Amino acid sequence: MSVHLQVLIVVIPLLAAPLLVLLRGATAPWALATAVSWSVLAIALWLVAEVQVHGQLSYALGGWAAPWGIEYRLDAANAMVQLLVAMVAAVVLPYARLSAGREVDPEQQPGMYAAMMLLLAGLLGISATGDAFNVFVFLEISSLSTYTLIALGRDRRALTSAFRYLIMGTIGATFFLIGVGLLYALTGTLNMADLAERLPAVASTRTAHTAAAFLVVGICLKLALFPLHLWLPNAYTYAPSAVTALVAATATKVAAYVLIRFLYTIFGIHFSFGELPLSQILMVLAVIGMLVASAVAIRQPDAKRLLAYSSIAQVGYITLGLALGSVLGLTAALLHMFNHALMKGALFMALGCIAWRVGSTRVDQLKGLGRDMPWTMAAFVVGGLSLIGVPLTVGFISKWYLILAALEQGWWVLIAAIVISSLMAVVYIWRIVEIAWFQQSESRDHTREVPLGLLLPTWLLALANLWFGIDTRLTIGIADQAARALIGSAP
Amino acid sequence: MHDSLILRVVAKFLIPVIVLFGLYVVFHGKLGPGGAFQAGVILASALIVHMLVFGPDETRRVAPVAVLRGLAAVGVLLYGGTGLISLALGANYLDYNPIGSTPVSGQYFGILLVEIGVCITVASTMALLALLFAERVRT
C-alpha cells in the first residue's frame, strides 16, 4: 500500500470534499476535515522520509507508463512543499472550528470545509505531479476553491475582492495554459522530465521564448510578485481569518514552487538565466516588491492588510533567492518558502484570535490587548520577530542564507535591499506591538484571553517558528538536497 | 405566469425524449460522438425545459435542491471511488484493467463508471445553477 501514498495524499482530500457536502451540521464536517488534514500530514512526513532515502519516487497514474500517462514524481523539492502545506492545514483546521464558527454562516460551513479540502487537494496535487498539464488542472482546483473561500467573508467587500482575484487568477491560469500549450506544440510531450530532455534542441526558437514568457507571467500572477500583486491585499483582508491563515501560508508558496520547477527542471538554468534575461527581470521586480510593499505595509490602518502587504514583500525574498540561480540562492528560496509559511500562518492565526474576541483587526482597536490577551499577543510577537529575522527564529535562518547567496555573487545592492526591507518590517511590527502593549484603550472594555481551541493551534505554529529556527537539520537538509537536485537536473 | 396548453403538452412529450437521448449519449459516448459532459448537459436541459414551462417551484418539487446538491457530490465520489476500487484490487490509482475479467472489459467498465459519475455531477450542477438563478431573478 505504501507505494500508493504518493497518490493518496491528493486523493484523500479530493474525495473528502464531496463527502463533506453530504454531511449536515458544523461539527461532523469539521471533524472529518481535521482527520483528513492530520492523515495527510502523516503521509507527507512519510513521503519526506522516503524521498530522503531514495531521492526520487515515481508513480504511473492509471498504470500508463511515464511519458504517455500522467506521472506523479516526487523529489526533495516537492516533498518539502507538500510537508509545508500539510503542516499548515493540520494546524489551521482544528483552529477553524471556533474561528470560522463565529465568522462564517453555519449553513455554509460544510461547504467551507469542502472548499478547504479541495484547496488542499489542489495544492498537494500541484506539488505531486510530474506532468505540466496536470499542474494546470490542480492550479484551477486550488484557485476556484480559494475564490469561494474568500467570498465567505462577512464583509461585503469580500465578494468584490474574491471577484477581482477570480479575474486576475483566471488571466494567470490562461497565460499558464497558453505556455503549456506552446511547449506541447513544440515538443509533443507534457511530461516534465521528457520536456526537460527535448527542450534544449529547440531552445533558441521564438516559440520556446514565448512559452517561457507566458508561463512566467502566469505563475507570477498566482505568486503575487510585484507588480502582479494587486489581487492579494483585499483577498487576504476580507476573507475569514482561518481562510486567510490557510491561503496566505500555502497558496503563494506553491506558486513559487511551480516557478522553480519550470525555470530549473523544465527549461533548465541555461535557458532561463542564460538564453533569457529572467534572472535580471525577476531580481529587479523582487527588490522593488520587497521595498515598496514593506513601505506600504507601514501605513496600513488594518493589521490583516498590513500583513498582506508584508506577504508581498516576502514573496520578493523568495523570488530573489530563486533568481540568483545558485545552489545557495535556491536553498534560501526553498527555506524561505517553508519558513514564511510558518511565520505568516502564526501571525494570521493570532490576528484571527483577536478578531474572535474584539471583532476587528484595525490597528487602533488593538490598544491594551497586550494586557488583556497576553498569550495571543505573545504569539503575535514571536511571529513578528520571525518576520523581521531575529536570531533563534526561522526568519533569521532564511534571511541569513539569502544574504550568503547574495554575498557569494558579490551583490551588495541586494544585501542592502534585504536589510532595508527587514528594517521596515521592524517598523510595522513594532507599530502593532507598541499599540498593543503600551497604550490603554479608552473605548473598549477589558476582554479575556481566547479559548484554548484557538490558542493551542496558534502557539503550535509560533513554537514551530522557534523550533525550526534552532534545530535546522530537517529544513536545511531537505532544502539543500532539493536545490542540488534542481540545479543538477539542468541540462 | 402565462399558462399555455400547447407548451405544456409539447414539454411533456419532449422531456422523456431528451432524457432518453442523454442516456444514449452517455452509454454510447465511447463508441461514437458524445461523452459524459455532453450527456450531463442534455439531461440537465430536460430539467431546464421543465423549469421554463412549469415554473421553478414545480421543478424544485420534482428535483429538490438538496437532492441535486447530493447528486453532484455522489458523481464525484463515483469517479474517485472507481480509482479506489483499482487500488483495492492491487493496481495503480485509476488503472481499470483489474475491474473486469480481461483488461479490455476492465477498461470498458472502468471508463463507464467514471463517465456515469461525471454525467451525474454535470447534470445536477447545471440544473442547480439554473434553479438558483431562477430564484435570484424572482427576489
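Owing to the predicted nature of the structure, the values given are computational and were not obtained by experimental measurement.

Student: Run through the overall build of chain A, naming residues and quoting values.
Tutor: Scanning chain A from terminus to terminus reveals 20 helices and two strands. The globule rule puts the C-alpha radius of gyration for 491 residues at 23 Å, and the 21 Å found for chain A is close to it. The principal-axis extent of the C-alpha atoms belonging to chain A is close to 70 × 55 × 40 Å. In chain A, which comprises 491 residues, the proportion classed as buried is 63%. Across chain A, every contact between residues at least 6 apart in sequence was considered, and the portion connecting residues at least 24 apart equals 80%. When the accessible surface of chain A is summed, it comes to about 17,300 Å², and 67% of that surface belongs to carbon and sulfur atoms. Averaging the coordinates of the 27 positive side-chain charges in chain A and doing the same for the 22 negative ones gives two points 7 Å apart.

Student: Which residues make up the environment of D480 of chain A, and what values go with them?
Tutor: Residue and element names in this part refer to chain A. Relative to the elements of secondary structure, D480 occurs in helix α20 (residues 473-488). Separated by 152 residues in sequence, D480 and L328 have C-alpha atoms that sit 7.9 Å apart. Excluding its chain neighbours within four sequence positions, the residues that come into contact with D480 are V327 and T331.

Student: Lay out the layout of surface pockets in plain terms, naming residues and giving numbers.
Tutor: Residues and elements named next belong to chain A. Its boundaries defined by the atoms lining it, the second largest pocket holds a volume of some 410 Å³. In terms of lining residues, the second largest pocket is bounded by 19 residues, among which D155, T237, Y238, D302 and T361 are the most central. Of all the secondary-structure elements, those providing two or more residues to the lining of the second largest pocket are α9 (232-238) and α13 (303-323). Classifying every residue of the lining of the second largest pocket gives five nonpolar, six polar and eight charged.

Student: Go over the side chain of S142 of chain A with me, naming the residues and quoting the values.
Tutor: Residue and element names in this part refer to chain A. Checked against the element boundaries, S142 lands in helix α5 (residues 132-151). The exposure class of S142 is buried, given its relative accessible area of 5%. Non-local contacts of S142, meaning those with residues more than four positions away in its chain, are made with L119, G122, L123 and I126.

Student: A description of the pairing of strand β1 (residues 57-60) of chain A should follow, citing residues and the corresponding values.
Tutor: Residue and element names in this part refer to chain A. Alternating positions in β1 separate cleanly, L57 and Y59 being buried on one face and S58 and A60 remaining unburied on the opposite face. Two elements, β1 and strand β2 (residues 71-74), share four bridges in a ladder whose sense is antiparallel. Among the inter-strand pairings, S58 is bridged to a residue of β2, identified as R73.

Student: Give me the lowdown on the pattern of salt bridges, citing residues and values where you can.
Tutor: Residue and element names in this part refer to chain B. Applying the stated criterion to the full structure yields ten salt bridges over all chains. Its salt-bridge partner being E135, residue R60 comes within 3.6 Å of it at the nearest N-O pair. On the criterion of sequence distance, the pair formed by R60 in helix α3 (residues 56-62) and E135 in helix α5 (residues 103-138) is long-range, its members being 75 residues apart. A residue is classified by how much of its surface remains accessible, and R60, at 18% relative accessible area, is buried. The network of salt bridges with common partners includes D57, R60 and E135.

Student: Describe in detail the packing of aromatic side chains, supporting the description with residues and values.
Tutor: Aromatic ring pairs are described here by two measures, namely the spacing of the ring centres and the angle between the planes. Residues and elements named next belong to chain A. Considering all chains together, one arrives at 15 aromatic pairs over all chains under this definition. Look at Y165 and W231: their rings are 4.1 Å apart centre to centre, the planes differ by 5 degrees, and that puts the pair in the stacked class. Of the two residues, Y165 is situated in helix α6 (residues 157-187) and W231 in the loop between α8 (206-223) and α9; the sequence distance between them amounts to 66 residues. For the residue pair Y165 and W231, the accessibility class agrees, reading buried in each case. Measuring from centroid to centroid gives 5.7 Å for Y264 and F273, while their planes differ by 75 degrees, and the two rings are edge-to-face. By the ring-pair criterion, three or more aromatic residues cluster together here, those being Y147, Y165, W231, Y236 and F348. Lying across the ring of W30, R97 places its NZ or CZ 5.1 Å from the centre. Against the face of W356 rests R102, its NZ or CZ located 3.9 Å from the ring centre.

Student: An account of empty space enclosed by the protein is needed here, citing residue identities and associated values.
Tutor: All names here are of chain A. One pass over the full model with this rule turns up two cavities of 30 Å³ or more. In this model, the largest cavity occupies a volume close to 110 Å³. If you trace the largest cavity, you find 14 residues lining it, with L123, L139, S142, K222 and A251 closest to the centre. Mapped by element, the contributors of at least two residues to the lining of the largest cavity are α4 (109-128), α5 and α10 (241-266). Here the residues of the lining of the largest cavity sort into ten nonpolar, three polar and one charged. In this structure, the second largest cavity is lined by V85, A89, M116, L119, L120, L123, L246 and T250. When residues of the lining of the second largest cavity are traced back to their parent elements, those giving at least two are α3 (76-103), α4 and α10. At four residues, α4 tops the list of elements feeding residues into the lining of the second largest cavity. Tallied by class, residues from the lining of the second largest cavity come to seven nonpolar, one polar and no charged.

Student: Tell me what's going on with the interface of chain B and chain A, and back it up with residues and numbers.
Tutor: At the junction of the two partners, chain B supplies 16 residues and chain A supplies 16 residues. Between chain B and chain A, roughly 1,200 Å² of surface is buried when both sides are summed, and carbon and sulfur atoms account for 76% of that area. Summed over the shared surface of chain B and chain A, the result is zero salt bridges. Remark: the boundary between chain B and chain A carries three residue pairs in polar contact (both at pLDDT 80 or more). With ten residues, the top contributor of residues to the side of chain B that touches chain A is helix α4 (residues 65-88) of chain B. Grouping the amino acids of the side of chain B that touches chain A by side-chain chemistry returns nine nonpolar, five polar and two charged.

Reading guide: rules and limits
Residues numbered from 1 in each chain as written. Chains lettered and ligands numbered in written order. Predicted model: local features only at pLDDT ≥ 70, side-chain atom pairs only at ≥ 80, totals over all residues. Heavy atoms only, no water. Helix = DSSP H or I, 4+ residues; strand = E, 2+ residues; numbered from the N terminus. Rg over C-alpha atoms; globule rule 2.2 N^0.38 Å. Buried < 20%, exposed > 50% of the residue type's maximum accessible area, 1.4 Å probe, protein only. Contact = heavy atoms within 4.5 Å. Areas by Shrake-Rupley, 256 points an atom, 1.4 Å probe, with all protein chains shown as cover. Lys, Arg positive; Asp, Glu negative; His and termini not counted. Charge placed at Lys NZ, Arg CZ, Asp CG, Glu CD. 1 Å grid on protein atoms, 1.4 Å probe; cavity = no way out; pocket = protein on both sides within 12 Å on 5 of 7 lines; lining within 4 Å. Points joined across faces, edges and corners; volume = space filled by probe spheres on them. Nonpolar A, V, L, I, M, F, W, Y, C, P; charged D, E, K, R; others polar. Pairing = 2+ DSSP bridges. Salt bridge = Lys/Arg side-chain N within 4 Å of Asp/Glu carboxyl O. Phe/Tyr/Trp six-rings, centres within 6.5 Å; stacked < 30°, edge-to-face > 60°. Lys NZ or Arg CZ within 6 Å of the ring centre and 35° of its normal. Buried area = accessible area lost by both parts, 1.4 Å probe. Polar contact = N/O pair within 3.5 Å; in protein donor to acceptor, adjacent residues only side chain to side chain.

Bear in mind that shape data such as this cannot, by itself, settle questions of function.
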